[in-house]
Structures are given as structure tokens and as C-alpha cells.
Amino acid sequence: HRVLVEELPRAQVMVVSNREPYIHNHSGNGIALQIPASGLVAALEPVMRACGGTWIAHGSGSADRDTVDATDRVRVPPADPAYLLRRVWLSEQEQNGYYYGLANEGLWPLCHIAFVRPIFREEDWTQYRRVNERFADVVVREASCDDPVVLVQDYHFALLPRMIRDRLPKATIITFWHIPWPNAETFGICPWRREIIDGLLGSSILGFHTQFHCNNFIEAADRFMESRIDREHASITFGGQETLIRPYPISIEWPPAALAQQAPVRDCRDAVRRRFDLPSDMRIAIGIERFDYTKGILDRIRAVDDLLTRHPEWVGRFVLIQAAAPTRSKLGPYSALQAEAEQLVSKVNARHGRDGFEPVRLVVRHHEPTEVFELFRASDMCVVSSLHDGMNLVAKEFVAARDDEQGVLMLSSFAGASRELSEALIVNPYDTHGMAEAFLQALRMSVAEQRDRMRLMRELVRERNVYRWAAQMLLDAARLRQRQRITSAN
Ligand code: F6P
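Everything numeric here is computed off the predicted structure, so don't read it as measured data.

The rules behind each value
Residues numbered from 1 in each chain as written. Predicted model: local features only at pLDDT ≥ 70, side-chain atom pairs only at ≥ 80, totals over all residues. Helix = DSSP H or I, 4+ residues; strand = E, 2+ residues; numbered from the N terminus. Rg over C-alpha atoms; globule rule 2.2 N^0.38 Å. Buried ≥ 20, exposed ≤ 12 C-beta atoms within 10 Å, placed from the backbone. Contact = placed C-beta atoms within 7 Å. Pairing = 2+ DSSP bridges. Axes fitted to C-alpha atoms, helices over the stretch in contact; angles between N-to-C directions. pLDDT = per-residue confidence, 0-100. Parallel < 35°, antiparallel > 145°, perpendicular 65-115°, else oblique. Nonpolar A, V, L, I, M, F, W, Y, C, P; charged D, E, K, R; others polar. Expected span 1.5 Å × (residues − 1). Left-handed = near helix turned anticlockwise from the far one by under 90°. Core = buried A, V, L, I, M, F, W, Y, C linked by C-beta atoms within 7 Å. Right-handed = clockwise from strand over helix to strand, strands pointing away.

**Digging into the overall build of the chain**
Phase 1: Broken down by element type, the chain carries 17 helices and 18 strands.
Phase 2: Since a compact globule built from 490 residues should have a radius of gyration of about 23 Å, the 23 Å found for the chain is in line with a globular shape.
Phase 3: C-alpha extents for the chain along the principal axes are approximately 75 × 50 × 45 Å.
Phase 4: Scored against the burial criterion, the 490 residues of the chain give a buried share of 48%.

**Concerning the environment of Phe 276**
Phase 1: Inspection of the secondary structure puts Phe 276 in the loop between α10 (265-275) and β13 (283-290).
Phase 2: As for Phe 276 and Ser 203, which are separated by 73 residues in sequence, their C-alpha atoms are 49 Å apart.
Phase 3: Beyond its immediate sequence surroundings of up to four residues, Phe 276 is in contact with Ile 321 and Arg 361.

**Details of the sheet that holds strand β1 (residues 13-17)**
Phase 1: Across the sheet, which stays open at both edges, the ten strands sit in the order β5-β6-β4-β1-β7-β8-β9-β12-β11-β10 with mixed pairing between neighbours. Edge positions in the open sheet fall to β5 (73-76) and β10 (228-230), since each of these has one partner strand only. The average undirected angle you get between the axes of adjacent strands in this sheet is 20°.
Phase 2: Of the strand pairs in this sheet, β1 and strand β7 (residues 149-153) are connected by four bridges, and their pairing is parallel. From the neighbouring strand, Val 13 faces β7, where its bridge partner is Val 149.
Phase 3: Packed on one face of the sheet, helix α6 (residues 160-167) meets β1, β7 and β8 (172-176) and runs near 175° to β8.
Phase 4: The strands that helix α9 (residues 211-224) touches are β9 (205-208), β10, β11 (235-238) and β12 (241-247); relative to β12, the one it contacts most, it runs at about 150°.

**Quick look at the confidence of the model for the chain**
Phase 1: Across the chain, the average pLDDT comes to 95, with 98% of residues at or above 70.
Phase 2: Taken together, the chains of this predicted complex give a pTM of 0.95 and an interface ipTM of 0.96.

**Considering the packing of helix α4 (residues 92-111) against helix α5 (residues 122-142)**
A pair of packed helices is characterised by two quantities: the angle between their axes and the separation of those axes.
Phase 1: Two elements in contact, α4 and α5, have axes separated by 8 Å at closest approach and are oriented at 110°. When the interaxial angle is binned, α4 and α5 end up roughly perpendicular. Of the residues in α5, those touching α4 at Gln 93, Glu 94, Gly 97, Tyr 98, Gly 101, Leu 102, Ala 103 and Gly 106 are Glu 123, Asp 124, Trp 125, Thr 126, Gln 127, Tyr 128, Arg 130 and Val 131.
Phase 2: Class assignment for the residues of the contact of α4 with α5 results in six nonpolar, six polar and four charged.

**Here's the deal with α5**
Phase 1: When the terminal C-alpha atoms of α5 are compared, their 30 Å separation across 21 residues agrees well with the 30 Å that a helix rising 1.5 Å per residue should span.
Phase 2: Within the sequence span of α5, burial applies to Asp 124, Trp 125, Gln 127, Tyr 128, Val 131, Asn 132, Phe 135, Ala 136 and Val 139.
Phase 3: In the core, the buried residues of α5 are packed alongside β1, β4 (54-58), β6 (83-88), α4, β7 and α6.

**Quick look at the sheet that holds β13**
Phase 1: The strand order across the open sheet built from six strands is β15-β14-β13-β16-β17-β18, with neighbouring strands paired in parallel fashion. In the strand order of this sheet, the two ends are held by β15 (360-364) and β18 (425-427), each with one partner. If you compare each strand with its neighbour and ignore which way they point, the axes differ by 20° on average.
Phase 2: Summarising the sheet, strand β16 (residues 381-384) and strand β17 (residues 408-412) pair through four bridges and their orientation is parallel. When the sheet's bridge partners are listed, Cys 382 is paired in β17 with Leu 409.
Phase 3: Across the face of the sheet, helix α13 (residues 369-378) comes into contact with β13, β14 (318-325) and β16 while running at roughly 150° to β13.

**As for the packing of α13 against helix α14 (residues 393-401)**
Phase 1: Packing of α13 against α14 brings their axes to within 9 Å, and their N-to-C directions diverge by 65°. The orientation of α13 relative to α14 falls into the category roughly perpendicular. For α13 against α14, the interelement crossing comes out right-handed. Every residue of α14 that contacts α13 at Phe 373, Phe 376 and Arg 377 is listed here: Glu 397, Phe 398 and Ala 401.
Phase 2: Among the residues making up the contact of α13 with α14, the classes are represented as four nonpolar, no polar and two charged.

**Here we look at the nonpolar core**
Phase 1: Counting residues in each nonpolar core, the largest one holds 146 residues, and the members touching the most others are Val 16, Val 150, Ala 395, Leu 409, Met 410 and Leu 411.
Phase 2: By residue number, the principal contributor to this core is α4, which donates eight residues.
Phase 3: Dropping the residues within four chain positions of it, Leu 409 is found in contact with Cys 382, Ala 395, Phe 398, Val 399, Leu 421, Ala 424 and Met 457.

**A few points about the environment of Gln 482**
Phase 1: By the secondary structure assignment, Gln 482 is in helix α17 (residues 466-489).
Phase 2: With 379 residues separating them in the primary sequence, Gln 482 and Ala 103 have C-alpha atoms 35 Å apart.

**Topic: the pairing of β1**
Phase 1: Within β1, five of the five residues are buried, which leaves it mostly tucked inside the rest of the structure.
Phase 2: Burial along β1 is two-sided: Val 13, Val 15 and Ser 17 and Met 14 and Val 16, pointing in opposite directions, are all buried.
Phase 3: Pairing geometry for β1 and β4, over four bridges, is parallel. For Val 16, the partnering residue across the bridge sits in β4 and is Ile 56.

**A closer look at the pairing of β14**
Phase 1: Of all eight residues in β14, seven are buried; the element is thus mostly enclosed.
Phase 2: Sheet topology places β13 next to β14; eight bridges connect them, and they run parallel. Within the sheet, the bridge partner assigned to Arg 290 lies in β14 and is Ala 325.
Phase 3: Of the crossover connections in this fold, the one passing from β13 over helix α11 (residues 297-310) to the parallel β14 is right-handed.
Phase 4: Direction of pairing for β14 relative to β15: parallel, over a ladder of five bridges. Note that in β15 the partner of Ile 321 across the bridge is Arg 361.
Phase 5: Taken together, β14, helix α12 (residues 332-352) and β15 constitute a β-α-β crossover, and its handedness is right-handed.

The structure is reproduced here in C-alpha cells:
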């Protein structure tokens, strides 16, 4: 696109997110590098590798401070530096209030319909505002011009767009909200609903995964703000400034970097079978995600229980490998989920286990992308049973991992990805029996049908990859910048 080519090289691109793309930790053998389990990182990192620029994020690794220079910067990826990572250090009080408190006990359950009650504490709000201000200071300090393109990421930074706008009025601010946006009635229970919407309306463009979430946001702005809504052009004008509200379905890089290091599917299967001590005819389902109550992990284990109860012919012939990365473990609902999952797994294994064989294997630890891809390639199916999810990139990664065009994707209708991957077996995670039937359908699906479905899904993910996601946003931003230049010249 001409407009991109003309506009972007002139612009400084900055990303702001809570989670950093590379975490350095002390380990027995010196400093170990970790890539966090985060859809946001999986999507944006390849874009930054391609464009360069500055990524501003919270430094969270035990060895992070040992790798930065005097200005808290480090060039990454470590093996082949392409952009700057500017780390911001937070105190325990800030981290507790801003990240654990307001973001993950307040906004996370508020925006996801998973029936966990959101908690709103005044002290958390104070810390949330304070951390947003601190990041605004860093953005202004890192800006090398008065009109950078700033990509603000997620619900940790709802106030940041307004704070940047006040100090860099000519900046192009694109904010992407990686989680769902609920209906106005639900959002209205937040005591700071006006401040949050006001903060987001500091953006030039505000993006969500789906049109449905855009509509919900527009409804909330209509109900709680004195703003002018233009539904035809999907824009909101507030305080004399216009914000475009747009759907940008997020995706993954194609082909994924982790795929290059993979052995042939047959070898992956052998390796995983050996690791889990499984016979060669064992059928394998894989579930992999952060250990989060929105992901429907308990629900899929209950469905396995139901499957093996109703269809005992699969006992000893089918296993669910559930990999779950510990996350936000300080918070009650997260530690409770882990305990409940462990109990449920023991119960199901006691009920259906035979001669030392256990049908559910729960592996609670972080997996690096290459390990995740090996599991995907070793499996017969991948289960994504989120109770509610903005997009869910695990579904797209599974599809990308299967260059043999085999494997079945079971996908929750409450994940944004189900709008695009309609050849998956679409399930309702609240319907245990329905999900057990879907397991059965997957187990019985012919090689030819798997291929037909997988081909269509792979075509879609290949085409709608993360570069297209980013290019679409940047293209809209470039058009805005050109329009603004023309208007200000007149
Ligand atoms: O994609 C949603 C998201 O909340 C990202 O913002 C975040 O990076 C990811 O999930 C993982 O969560 P956390 O950063 O809290 O570990």
C-alpha cells in the first residue's frame, strides 16, 4: 500500500504493554531466557522484529536488571537484535494494585463472562492510575519526535492513551484491547467506567478482535459519556477529538518461527509418546494454555470423564495431555482453580485408570514455543474450550503447526477464533455431554475429513496472519496521518 510505504518510514513506532517479549531469569547455569505464554507477545513480537522501534514493558524477570544498559534498555531478540526493549520497574505496591488488583481482579473478570465476581478497590485504582502515568512519562521520554505512532496494548493501560494525547497531541495512538468488551450493562458496574472510557478515547484508533466487541464499546460510550457517535463510520467524538472503533482479528506469524525447529510429525509423536510412556496406538488430545479460569480447563476434563463413562471402549486408548502454565497464582480464583483441577484429575484418573495408565496428564509448568509445537504435532486433536476469550491464538497455532494437514481442532464458540475457524468442531464448554460427543466425533473422523477441514483453516490463518493484523492497523493509522496533514495544510 502506497500510503504505508510513504508514511511509516517517517514515523517512530512504539509498543507499550505490561508483559515483555523476553524475560531474563537467573538459573543454575547463569541467565536463562524465557518467552512468556502470552497471545499478545506471540502476535506483536514478529511485527516488531520486522519493523524495528521501541517496546516499552514491565521488567519482570529476576535477571532483567542485569541485561539492561544505564537507560534500562536492551536490544532484542538477544540472538539477532532488531528492536529496543525499554524496561520499566514497578514496586511491589504498584504491581499489587495495578496488575494483580485493578487489572486482574477487576477488569479481567469484568470483561470475561466467566462468572467470577470483579473486585474494585480504591487503592488498586490509585496504583493503576499511577502506573499508567509512569508509562506515559516513559513514552514521552522515549519519543524522538512530536508525532510518534504508539501502539498501546490491553486492559493494563486504559488510561494511557489520554495521558499520551495530553502531552503529545499529534501522536497517532492505536490502542488494542486484547480481551472481550462486555455489554454496557455489565461494564456499567465498574465504579470508574467514565474514566476508563475517557482514557481509551484518547486513542486515534481503538481496536477489538470482533465487531461484536466494537459494538459493545460504542454502546458503553453512548450510555456513559456525552459523546457524538457516528455508527455508519464507527467513530466516537469526545471532547472535540475523534476515535475510530475498528475490529482487527489478531493472528500469528506465518509460518511460525517455532515450526522451523520441528522434527517431522512422526518423530514428534514418538518423542511425546516416549516422554509420557504411551503405547504407539494411543490417541492423544492436547490442551495447552495459562492456568486461567476463563480457559474452561475443568470443563474439558469433565467432558473426558463423560466420554470414558459413556464409551468405555476408549478407556486405555485415549489420553488428554493438559499443559497449564502457572499464572497470577497470588490471586484466590487462580490458586483455587489449580487445586480443583488437581482434585478433578485424580478423581477421573481413579475412575478410568487401568494398570498404571492414567487418561488425564496434567503438566503444570511453562512450555517454550518449540515444546508447544512439538505437542501440537504429536497429537490427534487440540482442545480449546474457553468459557470466554477475546481471540485465542492457541487455536491458530495448532493449525499452523499441522503442516501434515492432520489433526482435529475442537473450539469453543465463546472464543473470538470461532468466528474465523468455522471448520473446527465448535463446542459449548458448558455442555459436558455435547463436548464428549465432539471428542468422539474427533476420534472417529476420517483422515480425508481431517485434511479437508485442516486445509481450509490453514489457508485462512496463512492469509489472515499477524502481519496483516498489524498492517491493517498501521494502514488505517497512515491514512489518518495523511488526512490530518492535508487538513492542517489548508
Ligand atoms: O491476551 C490477553 C492477556 O491478558 C495478555 O494481555 C497477557 O499478556 C496474556 O493474556 C497473559 O497474561 P499475563 O500477562 O497476566 O501473564
